[in-house]
Amino acid sequence: MNEAERLVELIPRLRRYARALVGDRASADDLVQDTLERAWAKLHLYRRGTDLRAWLFTVMHNVHVNKVRATRVTATLEDELPELAQRASQGDALLVRDLDRAIARLPTEQRSVLLLVTLEEMSYEEVAHALGIPIGTVMSRLSRAREKLRMMMLGQGAAAKLKVVK
Amino acid sequence: MSTEPTVTEADLQAYADGRLGVERRAEVESWLAARPEDAERVAAYRRLGDALRAAYDPVLAEPVPQYLESTAARRPRARRIAAVAGWITLGALLGALAGWEARDWRRPAGQPLAEGAVMARRAAIAHATYSPEVRHPVEVGADQEEHLVAWLSKRVGARVRAPKLDEVGMALVGGRLLPGESGPVALFMYQTAAGRRLTLYIRAEAKGNRETAFRYARENNVSVFYWIERDCGYAISSADLSKEELLHIATLVYRQLEP
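Computed from a prediction, not measured in an experiment: that's the story for all the values here. (Residues numbered from 1 in each chain as written. Chains lettered and ligands numbered in written order. Predicted model: local features only at pLDDT ≥ 70, side-chain atom pairs only at ≥ 80, totals over all residues. Heavy atoms only, no water.)

**Some thoughts on the overall build of chain B**
What counts, and what does not: Helix numbers and strand numbers start at the N terminus; a helix is a DSSP run of H or I with at least 4 residues, a strand a run of E with at least 2. Only protein chains enter the accessibility calculation, which uses a 1.4 Å probe. A residue is then buried if its area is under 20% of the maximum for its type, exposed if over 50%, and partly exposed in between. Whether two residues touch is decided by their heavy atoms; if any such pair falls within 4.5 Å, the residues are in contact. All accessible areas in this document rest on Shrake-Rupley with a 1.4 Å probe, and a residue is counted as covered only by the protein chains that are shown.
Helices and strands together make up the secondary structure of chain B, namely nine helices and seven strands. Every one of the 259 residues in chain B was classed for burial, and the buried ones make up 46%. Partitioning the intrachain contacts of chain B with sequence separation of at least 6 by distance along the chain shows that 55% fall at a separation of at least 24. Here chain B displays about 13400 Å² of accessible surface, and carbon together with sulfur accounts for 54% of that area.

**Examining the interface of chain B and chain A**
Stated precisely, the cut-off is as follows: Once two parts are joined, some of their accessible surface, as seen by a 1.4 Å probe, is lost; buried area is that loss totalled over both. When a carboxyl oxygen of Asp or Glu is within 4 Å of a side-chain nitrogen of Lys or Arg, the pair counts as a salt bridge. Within 3.5 Å is the distance limit for a polar contact, defined as a pair of N or O atoms, with the added protein rule that one can donate a hydrogen and the other accept it, and that residues adjacent in sequence qualify only through two side-chain atoms. Ten residue types, Ala, Val, Leu, Ile, Met, Phe, Trp, Tyr, Cys and Pro, are classed as nonpolar, four, Asp, Glu, Lys and Arg, as charged, and the remainder, Gly among them, as polar.
With 46 residues of chain B at the interface, the matching set in chain A holds 52 residues. Together, Arg19, Leu52 and Tyr56 of chain B form the three largest contributors to the area buried by chain B at its contact with chain A, with a combined 15%. Counting across the interface, chain B meets chain A through seven salt bridges. Arg135 of chain B is the partner of Asp34 of chain A in a salt bridge, and the nearest nitrogen-oxygen pair spans 2.3 Å. Run the count over chain B and chain A and you get 19 residue pairs in polar contact (both at pLDDT 80 or more). Those elements that place two or more of their residues in the side of chain B that touches chain A are α1 (9-16), α3 (36-56), α4 (58-61) and α5 (66-73) of chain B. Residue classes in the side of chain B that touches chain A are distributed as 23 nonpolar, seven polar and 16 charged.

**A short note on α1 of chain B**
All names here are of chain B. Within α1, six of the eight residues are buried, which leaves it mostly tucked inside the rest of the structure. Turning to α1, its buried residues are Asp11, Leu12, Gln13, Ala14, Tyr15 and Ala16. Note on α1: the residue one or two positions beyond its end, Gly18, has a positive phi of about 65 degrees.

As structure tokens, then:
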């Protein structure tokens, strides 16, 4: 299988990670597109025989970090739009949205670690390598990300209970 | 009690991820057995992992957009070109249809309604063509807003402005110039943080066209509000917003563009 075929094969995984990383579908696919373009431009830096997937996630991470640095403005008043037509209030959709929001509130570097471990099921060594950080940092970011999310989810649970009691 | 193994935070993370060897796992389990709070915390981490996978794994099964596949495979963009050609053909067909209808309308009362209807249709086509664009939704980005507005005003031949829609969470993406039936037309694009888009189509009106109230049209899944005011015709389109939301925004735009 050549590189092109393997890149095509990896698109769904890049999209899954990107969706969790940036939230909405259009920006996520934008990130995937930029990653693929960058990957082709930098393919000479990829060493054959090593893990192409891990390398691609490194590329995506760098593209994302640069983008975040470049924009920083887009977080607008999305929440203030009045009830939007496609916001069905089904239980599952609600949970996904809460999770989306909670993840979005994590610092980028913690989010990346958590998602690579949980969604991509990368080993801690692979994550350290992909993000270019020591493994100790991987572990502490993972731990902090999880604890923050747990607290946020606990907070929501408590709020929900309060409402029910009322 | 004396020989209890030390368990670190890293061990707990690895335990939550199911990545410990059999022996170590047993040690961590017995350690947790004596610490219900930590045990609950680690269980919560596991549930969090399940929730994340449940939330995002469905993305794996989504059909991959063609342009991503083409980029990955470095295929020439034949299909994208074909898609654009398809839109152009459709545009031409709809345009012809609109022209025919406009002729039909011309007979009874007067031009404005028909003119407006043609404009609404063209605006809807422009919206359907450009709003799905991920890479190149606009020719000039919002970062050069001043230049964009000056350029479009000059080409359209009327003072064109990009209204501020921050209060409804919409930010200007940028704009482009389009061919209209009687001269160049300006198209501004806006989007929310979540990527919902709307486009504002502005053309210069001939002197004789009288002003109209808001009118509503729907082309496939694109909603359009349009009106003629002084020397310009406006049409605001979106496939992502409901009629009510769009009307609200159209009112906002109308108020801002009032001289």
